[in-house]
Amino acid sequence: MDRPSEATLNPLLRDELSIPAGEDSRIAATLRRAQQYVNAAIGDQEAQVDNDVWADCVVACAADLYNSRNARFGVLNAGTDGLDAVRISNDPLYSVWPKLRAAGVLTGRQVIA
């Protein structure tokens, strides 16, 4: 199945992260890693996941991977007064598992073989 290209995913990730320009190599590397994680999670159930859901999962995973760099010891500090620091999961697919389950893909922590 032909999946959306990096050129299609790039503006989606930039919009998600509110980064209109710059960080090109970091964004590209993050998207490549996210695609590998999501494809591995989907496994042989690829036919069940349409391109829109797949792209949504890749962008969610990439956003978590991108933000994890700024989350030392798993805690992300927004750097803004009035906002508390939040804990970031070590699982790069944390935000992807519920999306895949909603799409009918039996994967993730809830699956027992």
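Predicted model, so just to flag it, every value in this text is computed and none were measured. (Residues numbered from 1 in each chain as written. Predicted model: local features only at pLDDT ≥ 70, side-chain atom pairs only at ≥ 80, totals over all residues. Heavy atoms only, no water.)

Caption draft 1: Fine view of the state of the cysteines. On inspection of all chains with the given rule, the structure shows zero disulfides. With no disulfide of its own, cysteine 57 lies closest to cysteine 61 among cysteine sulfurs, the gap being 9.0 Å. Using a relative accessible area of 0% as the deciding quantity, one classes cysteine 61 as buried. (Disulfide = S-S within 2.5 Å. Buried < 20%, exposed > 50% of the residue type's maximum accessible area, 1.4 Å probe, protein only.)

Caption draft 2: Looking closely at the nonpolar core. Counting residues in each nonpolar core, the largest one holds 26 residues, and the members touching the most others are Leu13, Val38, Trp54 and Leu100. Among the elements that make up this core, the one with the highest residue count is helix α3 (residues 51–68) (10 residues). Those residues in contact with leucine 100 that sit more than four places away from it in its chain are Ala41, Ile42, Val49, Cys57, Val105 and Thr107. (Core = buried A, V, L, I, M, F, W, Y, C linked by side-chain atoms within 4.5 Å. Helix = DSSP H or I, 4+ residues; strand = E, 2+ residues; numbered from the N terminus. Contact = heavy atoms within 4.5 Å.)

Caption draft 3: Molecular detail of the side chain of asparagine 10. Note on placement: asparagine 10 falls in helix α1 (residues 6–17). For asparagine 10, a relative accessible area of 17% corresponds to the buried category. A distance of 2.7 Å separates the side chain of asparagine 10 from the side chain of arginine 14, its partner in a polar contact. In contact with asparagine 10, other than residues within four places in its own chain, are Ile27 and Leu31. (Polar contact = N/O pair within 3.5 Å; in protein donor to acceptor, adjacent residues only side chain to side chain.)

Caption draft 4: Inspection of the packing of aromatic side chains at higher detail. Summed over all chains, the structure comprises zero aromatic pairs. Its end group placed over the ring of tyrosine 66, arginine 26 keeps NZ or CZ at 3.7 Å from the ring centre. (Phe/Tyr/Trp six-rings, centres within 6.5 Å; stacked < 30°, edge-to-face > 60°. Lys NZ or Arg CZ within 6 Å of the ring centre and 35° of its normal.)

Caption draft 5: Focus on α1. A rise of 1.5 Å per residue sets the reference length of α1, with its 12 residues, at 16 Å; its end C-alpha atoms lie 16 Å apart and thus fit the reference within 8%. Leu9, Asn10, Leu13, Arg14 and Leu17 are the residues of α1 that are buried. Taken down its axis, α1 places every buried residue within 135° of arc, on the same side. Positive phi shows up at serine 18, right after α1, with a value of about 60°. (Expected span 1.5 Å × (residues − 1). Arc of directions from axis to C-beta.)

Caption draft 6: Geometry of the packing of α1 against α3. Axis separation between α1 and α3 bottoms out at 9 Å; the angle between their running directions is 50°. As summarised for this structure, α1 and α3 are arranged oblique, according to the angle between their axes. Seen along the crossing, α1 lies across α3 with a hand that is right-handed. For the pair α1 and α3, contact is made by Leu9, Leu12, Leu13, Glu16 and Leu17 and by Trp54, Ala55, Val58, Val59, Ala62, Ala63, Tyr66 and Asn67, respectively. Of the residues belonging to the contact of α1 with α3, the class tally is 11 nonpolar, one polar and one charged. (Axes fitted to C-alpha atoms, helices over the stretch in contact; angles between N-to-C directions. Parallel < 35°, antiparallel > 145°, perpendicular 65-115°, else oblique. Left-handed = near helix turned anticlockwise from the far one by under 90°. Nonpolar A, V, L, I, M, F, W, Y, C, P; charged D, E, K, R; others polar.)

All quantities given are derived from atomic positions and should not be read as evidence of function.
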